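Notes for the structure review
If you want the building blocks of each chain, they are given just below.
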Amino acid sequence: MPHPRDPEDAGQLTDVGKILEDARESLRLSKREAARRAGISEGRWRQVVTGVQKAGNVTVPVNPRASTVSAMAQAVGVDPALALRAAGFSDEDIHRFGSPTREPTAWQHKLEEVQAIADNQDRSPALRAWAARQLDDIEAILAAARAEEDAQRRGQAS
């Protein structure tokens, strides 16, 4: 059972958090899966949607990067520009990060295929375990590709 003081459970989401959480829930994705698709931790997902994080015993505001909000939006099928606008980003950031990335790569398709194997309870435990190990490798490849894309975008903006 969730802790009653969890801002998400108390309905204390940011504007962008409401958009992302509504989309995530409509897709019936767990926070963990949505975060994985966005290339961030589940903890970071929670911080962005609530707008706060703990620093010791103090709660402080979260200031996510535009690329993080964009990736989160894409992970749950939300227009990145809409999410960035709701998060209060500048027109420049919305222009820079508001467009979805190029078409899904072969690696992204492979990730979905392997994830389906890992999640399918009708598959053998050995096959599901193999698929789970493969997910780590594929996610590392996709994370490297995202980092390269971000670096190229930063280079173009300079």
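Residues numbered from 1 in each chain as written. Predicted model: local features only at pLDDT ≥ 70, side-chain atom pairs only at ≥ 80, totals over all residues. Heavy atoms only, no water.

Residue position: Arg 128 is located in helix H8 (residues 125-157). No salt bridge is formed by the buried Arg 128. Its closest oppositely charged neighbour is Asp 119, at 7.6 Å. Within the local environment of Arg 128, its side chain forms a polar contact with the backbone oxygen of Arg 123, the two atoms lying 3.0 Å apart. When sequence neighbours within four positions are dropped, the list of residues in contact with Arg 128 reads Ile 117, Ala 118, Asn 120, Gln 121 and Arg 123. (Helix = DSSP H or I, 4+ residues; strand = E, 2+ residues; numbered from the N terminus. Buried < 20%, exposed > 50% of the residue type's maximum accessible area, 1.4 Å probe, protein only. Lys, Arg positive; Asp, Glu negative; His and termini not counted. Salt bridge = Lys/Arg side-chain N within 4 Å of Asp/Glu carboxyl O. Polar contact = N/O pair within 3.5 Å; in protein donor to acceptor, adjacent residues only side chain to side chain. Contact = heavy atoms within 4.5 Å.)

Time to look at the pattern of salt bridges. One pass over the full model with this rule turns up 6 salt bridges. Between Glu 21 and Lys 31 there is a salt bridge, with the nearest N and O atoms lying 3.7 Å from each other. Of this pair, Glu 21 sits in helix H1 (residues 15-26) while Lys 31 sits in helix H2 (residues 31-38); the two residues are 10 residues apart in sequence, bridging distant segments of the chain. Residue classification places Glu 21 among the buried residues on the basis of a relative accessible area of 4%. On the accessibility criterion, Lys 31 (15% relative accessible area) is buried.

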